[in-house]
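Architecture and fold: a report
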Amino acid sequence: MNLRIPGPTTVPAEVAQAGAAEMINHRGPEFAALIARTTEGVKKVYQTSNDVATMTSSGSGAMESAVVNFTAPGMHSLVVSIGNFGNRFAELVNIYGGVLTKQEYEDGQAANLDQIEAALKADPEIRTVFITHNETSTGVTNPVLPDLAALVHAHDALLVVDAISSLSSIEVKTDEWDLDVVLSGSQKGWMVAPGLAFASVNERAWARHAETADTQPRFYFDLKRHADSLASGQTPWTPAVSLFFQLDKALEIMLAEGLEGIFARHHKIGQMVRDGIRGMGLELLADEGVESDTVTAFWLPEGVNGSEVTKIAREKYQTVFAGGQGKLRGKIMRFGHLGAMSEADIQAGLDALQKAFADAGYKP
Ligand SMILES: Cc1ncc(COP(=O)(O)O)c(C=O)c1O
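Calculation criteria
- Residues numbered from 1 in each chain as written.
- Predicted model: local features only at pLDDT ≥ 70, side-chain atom pairs only at ≥ 80, totals over all residues.
- Helix = DSSP H or I, 4+ residues; strand = E, 2+ residues; numbered from the N terminus.
- Rg over C-alpha atoms; globule rule 2.2 N^0.38 Å.
- Buried ≥ 20, exposed ≤ 12 C-beta atoms within 10 Å, placed from the backbone.
- Contact = placed C-beta atoms within 7 Å.
- Near = placed C-beta within 6 Å.
- Nonpolar A, V, L, I, M, F, W, Y, C, P; charged D, E, K, R; others polar.
- Domains from an automatic or database assignment.
- Pairing = 2+ DSSP bridges.
- Axes fitted to C-alpha atoms, helices over the stretch in contact; angles between N-to-C directions.
- Core = buried A, V, L, I, M, F, W, Y, C linked by C-beta atoms within 7 Å.

Thoughts on the overall build of the chain
The helix and strand inventory of the chain stands at twelve helices and 13 strands. For a compact globule of 364 residues, the expected C-alpha radius of gyration is about 21 Å, and the chain comes in at 20 Å, within 12% of that figure. The buried share among the 364 residues of the chain stands at 51%. Residue pairs at least 24 apart in sequence account for 72% of intrachain contacts in the chain once pairs closer than 6 positions are excluded.

Printed below as a string of structure tokens:
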């Protein structure tokens, strides 16, 4: 199967094989060496010297960890949402008793710095800003990150970034951009099976963790417990050891390619997908200039049933595409292009898409 969804992504054979290695004691010396190595590798990809926790959970667990570690009930938060995954942060803030300001954008739009500043000015009590770097539901990469932290910090707030579908594929300069908390997940550009999630934490965020320790209950996702355990080469709870084996191998492959090479490959392939899809007469969801290099969302033309296209693509052309999420269900389709992929895989994906559309009755 050609897995052209925006995660889980193709796991290279050597990474899958690494995951099949003999089990080890997660409280023993082999695991201590393994987690020291993977943490160092993950930090390189994050471009950070901050602490980084590796949790056994999907990306949403990392999102929940950000809310339980750095906010408290009654504390004001701003969620900048450009789609479904931004909405998830809003849901989490509400569930954990925060006071929420939600700034929503039209589908396909990126966030705007002036509007974020206006929201911060409107409520000086906002202490945390949550934003999605790459919105997987709409195929938009927010361009505001390099300048956002300065704005957020000037308002004495903390910045939490969901980089789940960007980090390891699209550049995220955690330290240079002064991002307080950055989240990612193994099943995206990292080329690892689903089940590991990452969170980087800087000094500002640790201070917030201490400030909210008495007012916010936290346990499984307590990042301090993760940091303390890591100091002795462990995780607080039994980790998905086999996924750490996979991550170790995947990092070796990623660092051999080099970050610049990875970002350039994703950009080139992103452009190839955009050109290919536009060439079929289809319209992209993302505004011009903010299209994602990991996932492309496009509108379904009048009279074309997206479920039929994805069924034909899967059954006849062994290619898996994603549909829309939330209110975009039935209106769009999404083509994933992140992680382990060659230009040939992508060309095959574009060919399959074209044929499936034609079989479903689409005439450009
Ligand atoms: C941007 C973004 N945020 C959050 C998530 C949620 O991660 P998970 O499905 O691993 O819980 C995803 C997964 O698709 C995502 O793409």
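Details of the site of the ligand
Around the ligand sit Gly7, Ser58, Gly59, Ser60, Phe85, Thr132, Asn134, Thr136, Asp162, Ile164, Ser165 and Gly185, and that is every residue in its neighbourhood. For the shell around the ligand, a count of residues per class yields two nonpolar, nine polar and one charged.

A look at the domain arrangement of the chain
Accessible area lost when the parts come together is the quantity often used to give the size of an interface. Structurally, the chain comprises domain 1 (15–255) and domain 2 (259–359). The C-alpha-based centres of domain 1 and domain 2 are spaced at 27 Å. Between domain 1 and domain 2, the residue contacts involve 23 residues of the former and 22 residues of the latter. When the residues that make up the side of domain 1 that touches domain 2 are grouped by side-chain class, the tally is seven nonpolar, 13 polar and three charged.

A few points about the environment of Gly41
Structurally, Gly41 is set in helix 2 (residues 29–46). Along the sequence, Gly41 and His267 sit 226 residues apart, while their C-alpha atoms lie 22 Å from each other. Excluding its chain neighbours within four sequence positions, the residues that come into contact with Gly41 are Leu251 and Leu255.

Overview of the sheet that holds strand 1 (residues 2–4)
Sheet architecture is open: four strands sit in the order 1-12-13-11, paired in mixed fashion. Of all strands in the sheet, those with a lone pairing partner are strand 1 and strand 11 (295–299), marking the two edges. Along the sheet, successive strands turn relative to each other by an average axial angle of 30°, direction set aside. Set on the sheet, helix 10 (residues 259–279) makes contact with strand 11 and strand 13 (332–336); between it and strand 11 the angle comes to about 15°. The strands touched by helix 12 (residues 343–359) within the sheet are strand 1, strand 12 (319–323) and strand 13, with strand 1 carrying the most contacts at an inclination of about 80°.

Some details on the environment of Ala213
Position of Ala213 among the secondary structure elements: in the loop between helix 7 (203–211) and helix 8 (223–231). For the pair Ala213 and Leu350, spaced 137 residues apart in sequence, the C-alpha separation works out to 50 Å.

Quick look at the nonpolar core
Core analysis: the largest hydrophobic core is formed by 102 residues, its most contacted members being Val161, Val181, Leu183, Val192 and Ala199. It is helix 9 (residues 241–257) that provides the largest number of residues to this core, a total of eight residues. Beyond its immediate sequence surroundings of up to four residues, Val192 is in contact with Val11, Val15, Ser186, Gln187, Leu243, Gln246, Leu247 and Ala250.

Section: the pairing of strand 9 (residues 181–185)
Of all five residues making up strand 9, five are buried, and the element is well covered by its neighbours. Alternating positions in strand 9 separate into two faces, Val181, Leu183 and Gly185 on one and Val182 and Ser184 on the other, with burial throughout. Two elements, strand 8 (residues 158–162) and strand 9, share three bridges in a ladder whose sense is parallel. The residue bridging Val160 from the neighbouring strand is Val181, located in strand 9.

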